[in-house]
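Reading the structure
The chain contents come next:
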Amino acid sequence: MKRVVEIGEMDRRSVLHPFTYLKDYAEGASAPTIVETGKGVRIKDASGREYIDGFAGLYCVNVGYGRTEVAEAIARQAYKLAYYHSYAAHTTEELARLSDRLVKMAPGRMSKVFFGLSGSDANETQAKIVWYYNNLRGKPAKKKIIARERGYHGCSVVSGSMTGLSFYHDHMDLPVAGILRTGVPHHYRGALPGETEEAFSERRANELEALILAEGPETVAALIAEPVLGTGGIIPPPSGYWPRIQAVLKKYDVLLIADEVICGFGRTGAMFGSDLYGMVPDLVTVAKGLTSAYVPLSASIVSEQVYEVMQEATPQVGAFSHGYTYSGHPIGVAAANAVLDIVERDDLPGQAAKKGAYLLGRLNAEFEQNPIVGEVRGVGMMAAVEFVPDRGSKVPFSPALKVGARISQAARNRNLIARAMPHGDILGFAPPLTMSEAEIDEMVFIAKAAVDEVL
Ligand code: PLP
């Protein structure tokens, strides 16, 4: 107990925590959770309390906690060669193997992989590659990047600007110039009365086309989008959405950046979200599930078409002048190879499809008839329940009531981590893909008790 108090005091004194109410924490109104161990789908805190992790950390520990084969791969690489850089064509066997593997696995016709450490920096890299590509092919005005309302692409300067949730911008001088916004494809909230999913998708595609035409196609470089919108509310696309959006992009020579940071490596029930929806991206961003978060690693995967332009420009522009000390870090890539071995050997995408259907069925069974549940939605092992005071009008609860946060807290008091999504009153589920049906039952049972307690 003394140790727990000491850690807490030290933490309160010294750590600047992300997404934390600073004054509340500093003044003791909220307490730290000291997370100590993880095994399977559960984590344990320093007081010995165990939680079922219905959100896989931050939708990232896809293979579950405590996998010895991943820990051993990390240790083996640390003993053998903890670090060397990948500048000027230095490499390691694990780096070459992982890149080859990703080029073959990824959607679209991919050519090369650039490694970073987070989804944010990988999307920052994608923006730079898009700008570089258009400079190199003599289109210096074609630079604007379209992102979607409620899309989440990270927190760094450009990725944070592409993120379409305003509280990530407020007081931080974001977004920077050159980022355009198009509508979120949420049929439940955005459709007109009686509008079918197909018709709604058509309208969203028409809006995208109108935006490109209004800005001038010669100024618009790319659209960045998550195949299934994640942090903005776990929103699978309505039917017909992606084919229509891609037709517009193709028409105006606008690149598609598929942000697969959450969707990649099985979460949607396919290896990539793009595979599920027939997307053919020009650039693909992955992170999270790439190493199941055992160590930080991200990748920006570049298509043949884009890479070709970069390579051919070498005589004029010299070296590709972008890179991090830790690009292709040997321990990161070794962890990724060990994780992808599990993903492929155990068919985690197939498991996610099957267990995701079970999860959605269980959520529907418990919540569909509940008068304060507006929508139960999901695909693969990502699902959400959206709460409204009145199903008919769909008008949201007053934010002051903090309904989503209170339900999430009530779940937590019952040892379940289910995330209150940052926009609206939405409870999100994105457990490890290895979660069993019995554990899904346990999770949904607790979530229902939490909802009954709050509403
Ligand atoms: N892109 C998507 C779709 C994400 O969900 C996230 C993080 O949640 C990011 C990018 C940013 O990744 P990171 O937090 O590793 O910077």
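Every value quoted in this text rests on a predicted model; they were computed, and no experiment measured them. (Residues numbered from 1 in each chain as written. Predicted model: local features only at pLDDT ≥ 70, side-chain atom pairs only at ≥ 80, totals over all residues.)

Looking now at the overall build of the protein. Looking only at helices and strands, one finds 17 helices and 15 strands in the protein. Rg of the C-alpha trace for the protein: 22 Å, near the compact-globule value of 23 Å for 455 residues, within the 12% margin. The principal-axis extent of the C-alpha atoms belonging to the protein is close to 65 × 60 × 45 Å. When the 455 residues of the protein are sorted by exposure, 47% land in the buried category. The long-range share in the protein, meaning contacts at least 24 apart out of those at least 6 apart in sequence, stands at 72%. (Helix = DSSP H or I, 4+ residues; strand = E, 2+ residues; numbered from the N terminus. Rg over C-alpha atoms; globule rule 2.2 N^0.38 Å. Buried ≥ 20, exposed ≤ 12 C-beta atoms within 10 Å, placed from the backbone. Contact = placed C-beta atoms within 7 Å.)

Here the focus is the site of the ligand. Near the ligand there are 15 residues, and of these Ser 118, Gly 119, Ser 120, Gly 154 and Val 261 occur at the shortest range. Here the shell around the ligand takes 3 residues from helix H6 (residues 119-136), the largest share from any one element. Tallied by class, the residues present in the shell around the ligand amount to 5 nonpolar, 8 polar and 2 charged. (Near = placed C-beta within 6 Å. Nonpolar A, V, L, I, M, F, W, Y, C, P; charged D, E, K, R; others polar.)

Domain parsing of the protein yields domain 1 (33-66 + 347-454) and domain 2 (69-345). The gap between the C-alpha centroids of domain 1 and domain 2 is 26 Å. Among the secondary structure elements, those contributing two or more residues to the side of domain 1 that touches domain 2 are helix H3 (56-59), helix H15 (348-367), strand S11 (373-379), strand S12 (382-387) and strand S15 (426-429). In terms of residue class, the side of domain 1 that touches domain 2 is made up of 18 nonpolar, 9 polar and 3 charged. (Domains from an automatic or database assignment.)

A few words now on the sheet that holds strand S1 (residues 35-39). Backbone-to-backbone hydrogen bonds pair the strands of a sheet. The strands run either parallel or antiparallel. Read from one edge of the open sheet, 4 strands run S1-S2-S3-S13, paired in mixed fashion. On the outer flanks of this sheet lie S1 and strand S13 (416-417), each paired with one strand and no other. Pairing analysis gives 4 bridges linking S1 to strand S2 (residues 42-45), with the strands arranged antiparallel. For Thr 37, the partnering residue across the bridge sits in S2 and is Lys 44. (Pairing = 2+ DSSP bridges.)

What follows covers the pairing of strand S7 (residues 220-225). Burial runs high along S7: 6 of the 6 residues are buried. For strand S5 (residues 144-148) and S7, the ladder comprises 4 bridges, and the chain directions are parallel. When the sheet's bridge partners are listed, Lys 144 is paired in S7 with Val 220. Across 4 bridges, the pairing between S7 and strand S8 (residues 255-259) is parallel. Bridging from a neighbouring strand, Leu 223 pairs with Leu 256 of S8. With helix H10 (residues 241-251) bridging S7 and the parallel S8, this β-α-β connection has right-handed handedness. (Right-handed = clockwise from strand over helix to strand, strands pointing away.)

Next up on the list: the pairing of S8. Among the 5 residues in S8, 5 count as buried, and that is most of the element. Side chains of S8 alternate between two faces, with Leu 255, Ile 257 and Asp 259 and Leu 256 and Ala 258 buried alike.

Counting residues in each nonpolar core, the largest one holds 118 residues, and the members touching the most others are Ile 301, Ala 335 and Ala 447. Per element, the largest residue contribution to this core is 9 residues, and it comes from helix H14 (residues 330-345). When residues are assigned to domains, this core turns out to be shared by domain 1 (33-66 + 347-454) and domain 2 (69-345), each giving three or more. For Ala 335, the residues in contact, after removing those within four places along its chain, are Val 70, Ala 73, Ile 74, Thr 291, Tyr 294, Val 295 and Leu 297. (Core = buried A, V, L, I, M, F, W, Y, C linked by C-beta atoms within 7 Å.)

Along the chain, the position of Glu 442 falls in helix H17 (residues 437-454). The exposure class of Glu 442 is partly exposed, given the 17 C-beta atoms found within 10 Å. When the C-alpha positions of Glu 442 and Ile 52 are compared, they lie 8.7 Å apart, and in sequence the two are 390 residues distant.

Pairing is mixed across the open sheet formed by 7 strands, whose spatial order is S4-S10-S9-S8-S7-S5-S6. Two strands close off the open sheet at either side, each with one partner strand: strand S4 (110-116) and strand S6 (179-182). With direction set aside, neighbouring strand axes in the sheet form an average angle of 20°. The sheet contact formed by S4 and strand S10 (residues 298-303) spans 6 bridges and is antiparallel. In the sheet register, Met 110 faces S10, and the bridge partner there is Ser 303. Contacting S5, S6 and S7, helix H9 (residues 197-215) crosses the sheet at an angle of about 150° to S6. Packed on one face of the sheet, helix H12 (residues 304-312) meets S4, strand S9 (283-286) and S10 and runs near 85° to S10. (Axes fitted to C-alpha atoms, helices over the stretch in contact; angles between N-to-C directions.)

Remark: H15 packs on H17, axes separated minimally by 10 Å, with the N-to-C direction vectors making an angle of 30°. Of the possible angle classes, the one that applies to H15 and H17 is roughly parallel. Of the two elements, H15 crosses H17, and the hand of that crossing is right-handed. Contacts from Lys 355, Tyr 358, Leu 359, Arg 362, Leu 363 and Glu 366 in H15 reach Glu 437, Ile 440, Asp 441, Val 444 and Lys 448 in H17. Looking at side-chain class alone, the contact of H15 with H17 contains 5 nonpolar, no polar and 6 charged residues. (Parallel < 35°, antiparallel > 145°, perpendicular 65-115°, else oblique. Left-handed = near helix turned anticlockwise from the far one by under 90°.)

This part is about helix H16 (residues 403-413). Within H16, burial applies to Val 403, Gly 404, Ile 407, Ser 408, Ala 410 and Ala 411. Projected down its long axis, H16 carries its buried residues within an arc of 160°, all on one side. The elements touched by buried residues of H16 are S12, S13, strand S14 (419-420), S15 and H17. One or two positions beyond H16, positive phi appears at Asn 415, with a value near 70°. (Arc of directions from axis to C-beta.)

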